[in-house]
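# Observations on chain architecture
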Amino acid sequence: MKPVLDAVVKLINTIRSRGLTHRQFRDFLLSVQSEYSDVLYYTKVRWLSAGCVFERVWQLKDDIASFFHEKQCSAECEMLEDTEWLSDFAFFTDLLCHMNNLNIKMQGKNQFIDDIWAHLKAFKLKFNLFAGQLAKNDLSHFSRLNSISSVDEEKLKNYEDGLKKLHFEFERRFQDFSAIQTELDIFTMPFNVNCEAVRSDLQLELIELQSNNHLKQSFLNMPK
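Please read all numbers here as calculations on a predicted model, not as lab measurements. (Residues numbered from 1 in each chain as written. Predicted model: local features only at pLDDT ≥ 70, side-chain atom pairs only at ≥ 80, totals over all residues. Heavy atoms only, no water.)

### As for the overall build of the protein chain
On a plain count of helices and strands, the protein chain comes out with eleven helices and zero strands. Reading the secondary structure of the protein chain in the N-to-C direction produces α-α-α-α-α-α-α-α-α-α-α. The C-alpha atoms of the protein chain give 24 Å as radius of gyration, which overshoots the globular expectation for 224 residues (17 Å, by more than 25%). With the C-alpha coordinates of the protein chain rotated into their principal frame, the extents come out at 75 × 35 × 25 Å. (Helix = DSSP H or I, 4+ residues; strand = E, 2+ residues; numbered from the N terminus. Rg over C-alpha atoms; globule rule 2.2 N^0.38 Å.)

What follows is the structure in structure tokens.
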């Protein structure tokens, strides 16, 4: 992703780092009644920055190209007219938007560790779904990539392989959560846990809990 990110950041800097160019660009967006008034700066220290930056440039890519053509500076935006580069840009924009959704869910208030782990498990399953669909040329969950008129099959295979590597990396980074899955289940689904599978110091209390029909009924009636 780094070459694409570098190109996007360079494009943004070309627009925003020069005062006159930046003012002209904002005036241009106003004149064409664009939904957005500017591009966004990329900030490394912010989790959501890359996804937001990619999404904004994607939305403005046609306006950016028109602006530079009007200024007779077509070389500044030539990658926006390169189908192969646009394919990579579209794929990473889609992927980063999915990851931003995960980040936002994990930053929600009043969440316990089992809530965080549930979000991560769901996202790992999404990786498998995405990879399987790309192998079938199904771009249902990659709307921007799907908007590209023709995507090279080799590129789709590279994207599929990239998703598999990301899935492996998720497994590696969050393996500690998998190791305590049973302990987490005690709090999220205590009536479904095998008492023999938990630590010995919790077994008797868990049996008492599972034998209490009043608590069990209350648990089952709790809002999900």
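### Topic: unusual backbone geometry
Look at Gln72: it is not a glycine, yet its phi comes out positive at around 60 degrees. Examined against the element boundaries, Gln72 turns out to sit in the loop between α3 (49-70) and α4 (83-106). Relative accessible area serves as the criterion here: at 73%, Gln72 is assigned to the exposed category. Of note, the phi angle at Asn137 is positive, near 60 degrees, even though the residue is not glycine. We classify Asn137 as exposed; its relative accessible area is 51%. (Buried < 20%, exposed > 50% of the residue type's maximum accessible area, 1.4 Å probe, protein only.)

### So, the pattern of salt bridges
If you walk through the whole model with that rule in mind, you get eleven salt bridges. Salt-bridge contacts for Asp6 lead to Lys2; the nearest nitrogen and oxygen are separated by 2.8 Å. On the criterion of helical spacing, the pair formed by Asp6 and Lys2 is a turn pair, its members being four residues apart in helix α1 (residues 2-16). Judged by its relative accessible area of 39%, Asp6 is partly exposed. Overall, the relative accessible area of 56% leaves Lys2 in the exposed class. Between Arg144 and Glu55 there is a salt bridge, with its nearest N and O atoms 2.8 Å apart. Residue Arg144 is located in helix α6 (residues 143-146), and its partner Glu55 is located in helix α3; the two are separated by 89 residues in the primary sequence. On the basis of relative accessibility, which here comes to 18%, the residue Glu55 falls in the buried class. Overlapping salt bridges, with partners in common, bring together Arg16, Arg26 and Asp38 in one network. (Salt bridge = Lys/Arg side-chain N within 4 Å of Asp/Glu carboxyl O.)

### Some points on the domain arrangement of the protein chain
How big an interface is tends to be stated in terms of the accessible area lost upon association of its parts. Here the protein chain is described as being made up of domain 1 (1-81), domain 2 (83-187) and domain 3 (190-223). Between the C-alpha centres of domain 2 and domain 3 the distance comes to 33 Å. In this complex, domain 2 contributes five residues to the contact, which on the side of domain 3 involves six residues. Buried surface at the junction of domain 2 and domain 3, summed over both partners, amounts to about 440 Å²; 73% is from carbon and sulfur atoms. Counting every contact that joins domain 2 to domain 3 gives zero salt bridges. Run the count over domain 2 and domain 3 and you get zero residue pairs in polar contact (both at pLDDT 80 or more). Its residues placed into classes, the side of domain 2 that touches domain 3 shows two nonpolar, one polar and two charged. (Domains from an automatic or database assignment. Contact = heavy atoms within 4.5 Å. Buried area = accessible area lost by both parts, 1.4 Å probe. Polar contact = N/O pair within 3.5 Å; in protein donor to acceptor, adjacent residues only side chain to side chain. Nonpolar A, V, L, I, M, F, W, Y, C, P; charged D, E, K, R; others polar.)

### Structural notes on the nonpolar core
Core analysis: the biggest nonpolar cluster contains 52 residues, and Val8, Ile64, Trp85, Phe89, Phe91, Leu145 and Leu163 have the highest contact counts within it. Among the elements of the structure, α1, α2 (19-31), α3, α4, α5 (113-135) and α7 (153-173) are those that each provide at least two residues to this core. When we break this core down by domain, the ones giving at least three residues each are domain 1 (1-81) and domain 2 (83-187). With residues near it in sequence (within four places) discarded, Ile64 still touches Leu11, Ile15, Phe25, Val39, Val57 and Leu80. Within the second largest apolar cluster, five residues are counted, among which are Ile186, Cys195, Val198 and Leu206. (Core = buried A, V, L, I, M, F, W, Y, C linked by side-chain atoms within 4.5 Å.)

### Digging into the packing of aromatic side chains
Across all of its chains, the model carries 14 aromatic pairs by this definition. Aromatic side chains Phe130 and Phe142 sit 5.2 Å apart centroid to centroid with 80 degrees between the ring planes, which places their arrangement in the edge-to-face category. One end of the pair, Phe130, is in helix α5; the other, Phe142, is in the loop between α5 and α6, with twelve residues separating them in the sequence. With relative accessibility at 3%, the residue Phe130 sits in the buried group. Members of the aromatic cluster, each reached through a chain of ring pairs, are Phe91, Phe92, Phe130, Phe142 and Tyr159. (Phe/Tyr/Trp six-rings, centres within 6.5 Å; stacked < 30°, edge-to-face > 60°.)

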